[in-house]
Amino acid sequence: MEERGEKEDATEREGSLCQLCFAAGRRTTIMETECERVMINTHRFDPILKGIVVISTRSAMVVRFQRIRKCRQLQREKLRMEKLRTTRHLLRRSSRSLLDRRLKLNSENSIHSSGTAFTRTCTGHRNWILPACLHPSRDCRGLTKANAMQNRYFGSVAELVQRRPSFSTLNSDDISFFKSILGEKNVVQDEDVLATANTDWMRKYKGSSKLLLQPRSTEEVSEILKYCNSRHLAVVPQGGNTGLVGGSVPVFDEVIINVGSMNKILAFDKVSGILVCEAGCILENLISFLDNEGFVMPLDLGAKGSCQIGGNVSTNAGGLRLVRYGSLHGNVLGLEAVLANGDVLDMLGTLRKDNTGYDLKHLFIGSEGSLGIVTKVSILTPPKLSSVNIAFLACKDYFSCQKLLQEAKRKLGEILSAFEFLDIEAMDLALNHLEGARNPLPASIHNFYVLIETTGSNESYDKEKLEAFLLSSMEGGLISDGVVAQDINQASSFWRVREGLPEALIKAGANYKYDLSLPVEKMYNLVEDMRVRLGGLARVVAYGHLGDANLHLNISAPKYDDKILAQIEPYVYEWTSKHRGSISAEHGLGLMKANKIFYSKSPKTVQLMTSIKNLLDPNGILNPYKVLPHSLNP
């Protein structure tokens, strides 16, 4: 009886469903305005994916959309006649305005039942919080023995980099001074805490710092840096420590300055949508705060539960919404930063237009803490829109993915908010190593998958636009399969597959990760070349932000092997440079790519960067050995 009731509820949600097929555990959609049934794709009823109608037959899907379009036309005609009668009534009675009726209509809840699978709206934000065993602030005792063995310090560039003799070594007088300004509990020397702070998220880089400082204000950061600069003590700024290139951990014995205690929201203007906060605010907390205020963060990352806004700004993090809202260079209106000598630069403006001289905040966005420590940020946040739709689609080849992106930009336009892709290897990895992940299109295996999100304010308009896009894409052969989420749980399950890939890669074993910007038409050629080059040595996994031309190339192997690394580097950098790409799209350079910068930047450009570094940090104490080539660092 309980199972029957569940099926009846699902039937009511879906509109009109064939009772015989549904009772047998199969699904057949019936259009309410048509006398004949349209069988889309019968499949066993899955309580986990209930409410999702899987479209696997191209011809049937085209027929379905043609019927949907006809139904829409009939509905629009009916609505037009109703409006005409209403208008006549208003002219006679003059008791009520048509505008009021429209406003009332538009104020209805955006979540409602629909008879078609591709017209259901879902709202809410996708979330991925790092599991305990992968959280930067937690131990990894939950990992399996095989995985724990991979948590060693592999590919240590520290073996190739010499500790600068100009840097001093920490002594007891230094500890006493820091305790005098921060207090005992904010001067951390505990070995377990330091072991975590010294190790990066991927367990690839490990420093040997003996001291972790936790300032609570800009003034304390200033006092710390002023003292360290006078003593020539090298420091490394640290936030959530979710970086992927070794930029947030020490190389040797640098003092760690963690700004996590500076986590206050200082101001929020509901009229302009401008948020002012401290650098230690966790991104997910800011997202939740803004959601309650009716706004959204222009930045969304898989590691939102751990990463901090100061680190996001310092690395110019890109994320999942860049195709809609742009980079942090466009969204950050101002910031406050502390220089190596302790000077505080107050650039915390909240104006969208300020054309008075050099816009110096851009020097610190993406500088990875090598020019100064960001302590406060003002950021422009857009209003939250009520209509959100998420489609998970399958494509037969990469060319179809490219064409689908072109069509999405043209036909979805202003409502397109995300366009992500993953290949068959990435999907297989997620299904085998990611807890709770399910294939939204289980009927068959596909070479490529695309996740599209639209965000708008007009539900019916957004639906109609998405339907027209999907119909034309099916008719053009760009989509071979597809499904649209019909509630927030299904939307989260779609995003889980895409956002959980970094976690799945770590669980799979050793991972060589490359974050590249390339021309969209050339992007997957590199993946295919790497598969030929590596043969059976390792598995090549590709996914990324196709809407931003950002490829995440991952080489997965049971264990780290110098033979594999020799086949990857410098080939991957040379290939990227040859096609005028960037060797770092959004992860930064850190320690991993500091010496590789010439693949993307000219010698004169790098020399100018070095001059700026020497001007702002003449002793080179801020995050040394990172970003710039070691031979050019002071």
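Residues numbered from 1 in each chain as written. Predicted model: local features only at pLDDT ≥ 70, side-chain atom pairs only at ≥ 80, totals over all residues. Heavy atoms only, no water.

Caption draft 1: Layout of the overall build of the chain. Looking only at helices and strands, one finds 22 helices and 18 strands in the chain. Taking all 634 residues of the chain together, the buried fraction comes to 54%. Contacts spanning at least 24 positions in sequence make up 73% of the contacts within the chain whose residues lie at least 6 apart. Of the roughly 27700 Å² of accessible surface on the chain, 51% is carried by carbon and sulfur atoms. (Helix = DSSP H or I, 4+ residues; strand = E, 2+ residues; numbered from the N terminus. Buried < 20%, exposed > 50% of the residue type's maximum accessible area, 1.4 Å probe, protein only. Contact = heavy atoms within 4.5 Å. Areas by Shrake-Rupley, 256 points an atom, 1.4 Å probe, with all protein chains shown as cover.)

Caption draft 2: Molecular detail of the sheet that holds strand 4 (residues 212-213). As summarised here, the arrangement of the four strands in space is 3-4-6-5, forming an open sheet in which the pairing is mixed. Each having just a single partner strand, strand 3 (187-188) and strand 5 (235-238) make up the two edges of the open sheet. As paired strands, strand 3 and strand 4 are joined by two bridges and run antiparallel to one another. Bridge pairing in strand 4 links Val188 to Leu212. (Pairing = 2+ DSSP bridges.)

Caption draft 3: Geometry of unusual backbone geometry. Going from Glu569 to Pro570, the amide bond is cis rather than trans, its omega being 5 degrees. Here Pro570 shows up in the loop between helix 20 (562-568) and helix 21 (571-578). Although it is not a glycine, Arg203 adopts a positive phi angle of roughly 60 degrees. Checked against the element boundaries, Arg203 lands in the loop between helix 7 (191-197) and strand 4. Phi is positive for Arg580, which is not a glycine, with a value near 55 degrees. Within the secondary structure, Arg580 sits in the loop between helix 21 and helix 22 (603-616).

Caption draft 4: Broad picture of the sheet that holds strand 13 (residues 416-423). What the seven strands build is an open sheet, ordered 15-12-14-13-17-18-16; its pairing is antiparallel. Of all strands in the sheet, those bounded by a partner on one side alone are strand 15 (481-484) and strand 16 (510-517). Here the strands of the sheet are splayed against their neighbours by 15 degrees on average, with no regard to which way each runs. Pairing geometry for strand 17 (residues 539-545) and strand 18 (residues 550-557), over seven bridges, is antiparallel. Paired with Val540 across the two strands is Ile555, which belongs to strand 18. (Axes fitted to C-alpha atoms, helices over the stretch in contact; angles between N-to-C directions.)

Caption draft 5: Representation of the packing of helix 19 (residues 523-534) against helix 21. Between helix 19 and helix 21, the least distance of the axes is 11 Å, while the angle of their chain directions is 150 degrees. Taken together, the axes of helix 19 and helix 21 are roughly antiparallel relative to one another. In this structure, helix 19 meets helix 21 at a crossing whose hand is right-handed. Each of Asn525, Leu526, Asp529, Met530 and Arg533 in helix 19 lies in contact with helix 21, whose residues at this interface are Tyr571, Val572, Trp575 and Thr576. (Parallel < 35°, antiparallel > 145°, perpendicular 65-115°, else oblique. Left-handed = near helix turned anticlockwise from the far one by under 90°.)

Caption draft 6: Highlighting the state of the cysteines. Per the counting criterion, the structure on display carries zero disulfides. Cys281 takes part in no disulfide bond, and the closest cysteine sulfur to it belongs to Cys277, at a distance of 4.4 Å. Here Cys395 stays unpaired: no disulfide links it, and the sulfur of Cys401, its closest cysteine neighbor, is 4.0 Å away. When its relative accessible area of 0% is taken as the criterion, Cys395 is described as buried. (Disulfide = S-S within 2.5 Å.)

Caption draft 7: Seen up close, the pairing of strand 17. The element strand 17 is extensively covered by neighbouring structure, given that six of its seven residues are classed as buried. Looking at chain direction, strand 13 and strand 17 are connected through two bridges and run antiparallel. Within the sheet, the bridge partner assigned to Phe421 lies in strand 17 and is Gly544. Connecting strand 17 to the antiparallel partner strand 18 that follows it, the hairpin turn spans four residues, and Ala549 within it adopts a positive phi of roughly 60 degrees.

Caption draft 8: Examining the pattern of salt bridges more closely. According to the stated counting rule, one finds 21 salt bridges in the structure shown. A salt bridge links Glu293 to Lys270, with the nearest nitrogen and oxygen atoms 3.1 Å apart. Here Glu293, found in helix 9 (residues 283-293), pairs with Lys270, found in the loop between strand 7 (265-269) and strand 8 (274-278); they are 23 residues apart in sequence, far enough to count as distant. You can call Glu293 partly exposed: its relative accessible area is 26%. Taking relative accessible area as the criterion, Lys270 reaches 56% and is therefore assigned exposed. Each of Asp300, Lys304 and Glu499 takes part in a single network of salt bridges with overlapping partners. (Salt bridge = Lys/Arg side-chain N within 4 Å of Asp/Glu carboxyl O.)

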